[in-house]
Amino acid sequence: MKKNLKIFAAASMMMLSTAAIAQTEQAEEVKIMEGNRVYVTKNDQAFGSKSYWRINMDKAVGGEALSMKGEKYEKGLGVHAPSKLVFDVPRKAQYFYVVPGPDDAHNGKITMSIKVDGEEVFTTGPISSKTKKYTPTLQQIDVAGAKQIELIVEEGADNGGDHADWAEAFFVEGKKEFKLKNPNYGAYTEDESLVYLTKEMATTNDSYWRVMNNEGVDGGFISISGNQFRKGLGVHSTSTMVFPVKDNYVNFVVTPGANDSNGGKIRMIIKIDGEEVYNSGTISRSKQTVEEQSFNVKGKKTITLICEDADDNQGGDHGSWGDARFTTKADSK
């Protein structure tokens, strides 16, 4: 490291920085847990990662040295907003450490945040390299038993010069493996008999806003009443998508619901060859029953997934079709 970061190893595990929402005060000094350090690299990115521009290892996204408020860092990732880097958490990891901040090379307005299994645990609030109230500080994030961590950079007014650094980004592993915090998340298995739906498979896609593959419509996890799904479709009412049923498809299986990312009221409807076979009634993220639905589609032609506005107000009408898939075997799930 080109300058001393005042990072100290300690046998005890102490979380002295607040990693708070909308950090506005100088965080207290963090003491790093003893253990094996696992630095993240751009090659470690998991499914769901995306970035406006390239991702640089141990350099700012523009190619300069990683530098924040005059401090130089030898290790880390340089990105450009909008950016979301997703990493699987090692099974023995206890904490994740990182110094987040805007790179000195440019002065774009950004917001940086960290999510653990879809839950935001840290955010800078709006900042730039000239922001006086924000000082890039080592953050300690508890990831014991977590599945994934997301490093997110959002653009401000525009994405001109939105250069951000995730300096000194590493996990520290303990001596034991931790159980997953949410074992339902990512529980699907790669099975050749399962055909997961994507928006590209639809012959009709008439949607108020975008449709997201394997993400909620807001770009976060597909999450329905706390149940997270790695596969599926994220939509916003009003949305109608029609999918062809191939001759070898046996069943259609899905968990429909209002996504946890917002609180709008919606109705979710499934039709097979134009006939309604499922209607959720009016639901929201706080008032719904989460149940997997299964329908025999052998010999059918089309399946239609509809997300309707239920209260004449489309604000926050986020719906998700969790783990939406066709099966090609009678005993497949």
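So, a few notes on the structure that sits alongside this text. Quick caveat: nothing in here was measured; it's all calculated off a predicted structure. (Residues numbered from 1 in each chain as written. Predicted model: local features only at pLDDT ≥ 70, side-chain atom pairs only at ≥ 80, totals over all residues. Heavy atoms only, no water.)

**Regarding the overall build of the protein**
Consideration 1: Counting its secondary structure elements, the protein contains zero helices and 28 strands.
Consideration 2: Relative to its full complement of 333 residues, the protein shows a buried share of 51%.
Consideration 3: Here the contacts in the protein between residues at least 6 apart in sequence split such that 77% fall between residues at least 24 apart. (Helix = DSSP H or I, 4+ residues; strand = E, 2+ residues; numbered from the N terminus. Buried < 20%, exposed > 50% of the residue type's maximum accessible area, 1.4 Å probe, protein only. Contact = heavy atoms within 4.5 Å.)

**Notes on the pairing of strand E22 (residues 239–244)**
Consideration 1: Here strand E17 (residues 204–207) pairs with E22 via four bridges, running antiparallel. Counted as the bridge partner of Ser-207 is Ser-239 from E22.
Consideration 2: In this sheet, strand E27 (residues 302–309) lies alongside E22 in antiparallel orientation, the contact comprising six bridges. Each residue of the ladder has a partner; that of Met-241, found in E27, is Leu-305. (Pairing = 2+ DSSP bridges.)

**Re the packing of aromatic side chains**
Consideration 1: One pass over the structure, following the stated rule, counts six aromatic pairs.
Consideration 2: Measuring from centroid to centroid gives 4.9 Å for Phe-96 and Phe-171, while their planes differ by 55 degrees, and the two rings are tilted. Of this pair, Phe-96 sits in strand E10 (residues 93–102) while Phe-171 sits in strand E15 (residues 163–173), placing them 75 residues apart in sequence.
Consideration 3: Relative to Phe-170, the ring of Tyr-97 lies with its centre 5.3 Å away and its plane at 25 degrees, an arrangement referred to as stacked. With Tyr-97 in strand E10 and Phe-170 in strand E15, the pair connects residues that are 73 residues apart, well separated along the chain.
Consideration 4: When its relative accessible area of 1% is taken as the criterion, Phe-170 is described as buried.
Consideration 5: Each residue in the set Tyr-39, Tyr-95, Tyr-97 and Phe-170 is aromatic and connected to the rest through ring pairs, giving one cluster.
Consideration 6: The ring of Tyr-196 is capped by Lys-231, whose NZ or CZ atom sits 5.6 Å from the centre of that ring. (Phe/Tyr/Trp six-rings, centres within 6.5 Å; stacked < 30°, edge-to-face > 60°. Lys NZ or Arg CZ within 6 Å of the ring centre and 35° of its normal.)

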